[in-house]
Amino acid sequence: MLTRNSRKTEANGKICDNADYNVVLAGNPNVGKSTIFNALTGMKQHTGNWTGKTVEYAKGCTKIKDKSFSVVDLPGTYSMISFSPEEEVSRQFLVRDDIDCTVIVIDSSVLERNLSFTLQVLSVTKKAVLCLNLSDECCKNGFVIDEDELSLNLGIPVISTNATKKSDIEKIREKIYDVCTEKTKCFRVTRLYDGIDIFNKEKHKENTEFLAARSKEICSRCIKKCGENISEKTKKLDKILTSKITGIPIMILLLGLLFWITAVGANYPSRLLSELFEYIKVGLLYVFDFFNAPDFIKGFFIDGIYTTLSWVVAVMLPPMAIFFPLFALIEDFGYLPRIAFNLDKFFSKCGAHGKQGLTMAMGIGCNACGVTGCRIIESPKERLIATVTNNFMPCNGRFPMLIALITIFFSGSACVFASSISIALILVLLILFAVMMTMFVSKILSVTLLSGERSAFALELPPYRKPRILKTIVSSFLDRTLFVLGRAVIVAIPAGALIWLLANIYIADSSLLSYCTDFFDPFGKAIGLDGVIIMAFVLGFPANETVIPIIIMSYLSTGTLTDFASYEELFALLTQNGWTLTTAICTIVMCIFHFPCSTTCLTIKKETGSMGWTMFSIVMPTMIGIALCYLISHIM
């Protein structure tokens, strides 16, 4: 059994009901803690190859021999001193009296740095097991660790592990059992802690230097060379990927490649899904006709709810099913922390946090996921900046509209249809513009509403690893694609019903939708748009995928969402209704800079706990979009 919990911990009682012993997993970020937790409990907590992925604790139960154990996976932290919510959670758990064993998981390839945290943990508990995880990478780096010598120096059992191997997980289970049942005795090496009080923040620097010296001393006894250090290859690759000259261009080229693959690859499955849903629609119409359903009921459920739902799935699923796995493979390879490293100096100048680069990248897939990802930023002020600006990154729900307008309006002239390469190039330029706007707004917020002292940025650059292609693709599809699609489907159902009602309820000779578009038309014309476009964005609040279909439906007065058979037909329809190149540019700008979708708004409310900041996240990008459209329409 596994339950996800908040950052708050229980003050008393068992961590897991009816467990004989309580076990805690602790360690630095990105050392394989969550992988070991999954193996011990049989659960599938998501793991990622960047710093601070786990920002809540997870708890589960397991059985070893004749005893039951509760297992808690704490957030990855670098220190026991409480600076961030993650460190606060870890400290609260580790100082509890009812912890029977602490499993300290460290990256054995960087033993000296990880040992400092190990010594901090052992200063408050002596019943522990040290897992030298990633031991295979340790060997590749040209040295081995003497486990027995290290165990004697620390006073606890030490085992080398590779979290992906079943046999090593069994070794961990056996050591946990031995320590909890006191079959293996742990003892305190007092010379390591003379005069140390790790909870004294005033002596934090002094204590840190002392523990670092102790770590170095222990490593000198326990580490032995065994061959060539192939980490030099990682260093050579980092010289290219994190270089001031080549780092950013490579990042842009990789982003463009992702967009190109997504844009080209999503066309065919989207078309197939549309045809499949159309075939199902014919069958549903036959069923409604068979039961003599009234036209209003038939239109409401089929032309309203079903058509909207099928459009969202057909348009949203293919690009997500391509983009998210590709993004996850890059993450698994270890490149995402390099992106954060490359962007850190830019965000630093803006008073923001380098990890905001990671959350922006996540926002390209889904802004709601990007907002959730802001938890990896320790500072509340900088986390809030990243949260309220994440919507500047166009998510995959806005890509179909952007791709359609770029395709039919940009490639030399409005009548020349763009190639997939030029579409990807223009998309990259739009993303770069969105990034610059994110930095500009972050800077404004950091010196006004969210001013204050900036936090330090500790970023672990993990070694490059061969991506687990099949596992990563399946995990990404289940954890991200279907999760986001499910939320979109939930909001698409009431949205479809509302859109159909507005388009099919008439007063006099005009529908409610027509009255709404006429009302917004003067304002729309003033900023280079029209009432139909404004109303489409308003009705697209539950799901951005419906904006283009609503525009088509309004212009055609069909009363139901309509797909376009070709880009040529869409181009003809738009130009017949007064669209110009200026209209297209303003619509693209408004597509990027407008209020978040309903799912993202709910996520912002949950993450910030504030309706005020949620409203600010809605109003701020919308006002920027309106201002930019006004300037563009009057300049052009």
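The paragraphs below set out a description of the structure included in this document. Since the structure is predicted, the reported quantities are computational estimates derived from the model, not experimental observations.

**What to know about the nonpolar core**
- Ranked by internal contacts, the top residues of the largest apolar core, which has 110 residues, are Phe259, Ile551 and Leu574.
- Residues Leu94, Ile99, Leu122 and Ala128 belong to the second largest nonpolar core, which totals 54 residues.

**Considerations on the pairing of strand S5 (residues 101–107)**
- In terms of burial, S5 is a largely internal element, seven of the seven residues being buried.
- Along S5, one buried face is formed by Cys101, Val103, Val105 and Asp107 and the opposite face, lined by Thr102, Ile104 and Ile106, is buried too.
- Where strand S2 (residues 21–27) and S5 come together, five bridges link them in parallel fashion. The residue of S5 that forms the bridge with Val23 is Cys101.
- Direction of pairing for S5 relative to strand S6 (residues 128–133): parallel, over a ladder of six bridges.

**Observations regarding the pairing of S2**
- For S2, the buried fraction is high: seven of the seven residues fall into the buried class.
- Covered by surrounding structure in S2 are Tyr21, Val23, Leu25 and Gly27 together with Asn22, Val24 and Ala26, the residues of both alternating faces.
- Here five bridges tie S2 to strand S4 (residues 67–73), and the two strands are oriented parallel to one another. Paired with Tyr21 across the bridge in S4 is Phe69.

**Details of the packing of helix H10 (residues 295–333) against helix H12 (residues 356–365)**
- Packing of H10 against H12 brings their axes to within 9 Å, and their N-to-C directions diverge by 155 degrees. Taken together, H10 and H12 sit at an angle that is classed as roughly antiparallel. Between H10, through Phe323, Phe324 and Phe327, and H12, the contact on the second element is made entirely by Ala361, Met362, Ile364 and Gly365.
- For the contact of H10 with H12, a count of residues per class yields six nonpolar, one polar and no charged.

**Focus: the environment of Phe483**
- For Phe483, the position within the fold is in helix H17 (residues 469–504).
- Classification of Phe483 by relative accessible area gives partly exposed; the value is 45%.

**Some thoughts on the pattern of salt bridges**
- Under the definition given, this model contains twelve salt bridges.
- Residues Asp73 and Lys33 are paired through a salt bridge, measuring 2.9 Å at the closest nitrogen-oxygen approach. Of this pair, Asp73 sits in strand S4 while Lys33 sits in helix H1 (residues 33–41), placing them 40 residues apart in sequence. The residues Asp73 and Lys33 share a single accessibility class, namely buried.
- With a shortest N-O distance of 2.9 Å, Asp238 and Arg338 are connected by a salt bridge. With Asp238 in helix H8 (residues 231–241) and Arg338 in helix H11 (residues 336–349), this residue pair connects regions lying 100 residues apart in the sequence.
- A relative accessible area of 13% means that Asp238 is categorised as buried.
- Overlapping salt bridges, with partners in common, bring together Lys127, Glu182 and Lys185 in one network.

Cut-offs applied
Residues numbered from 1 in each chain as written. Predicted model: local features only at pLDDT ≥ 70, side-chain atom pairs only at ≥ 80, totals over all residues. Heavy atoms only, no water. Core = buried A, V, L, I, M, F, W, Y, C linked by side-chain atoms within 4.5 Å. Buried < 20%, exposed > 50% of the residue type's maximum accessible area, 1.4 Å probe, protein only. Helix = DSSP H or I, 4+ residues; strand = E, 2+ residues; numbered from the N terminus. Pairing = 2+ DSSP bridges. Axes fitted to C-alpha atoms, helices over the stretch in contact; angles between N-to-C directions. Parallel < 35°, antiparallel > 145°, perpendicular 65-115°, else oblique. Contact = heavy atoms within 4.5 Å. Nonpolar A, V, L, I, M, F, W, Y, C, P; charged D, E, K, R; others polar. Salt bridge = Lys/Arg side-chain N within 4 Å of Asp/Glu carboxyl O.

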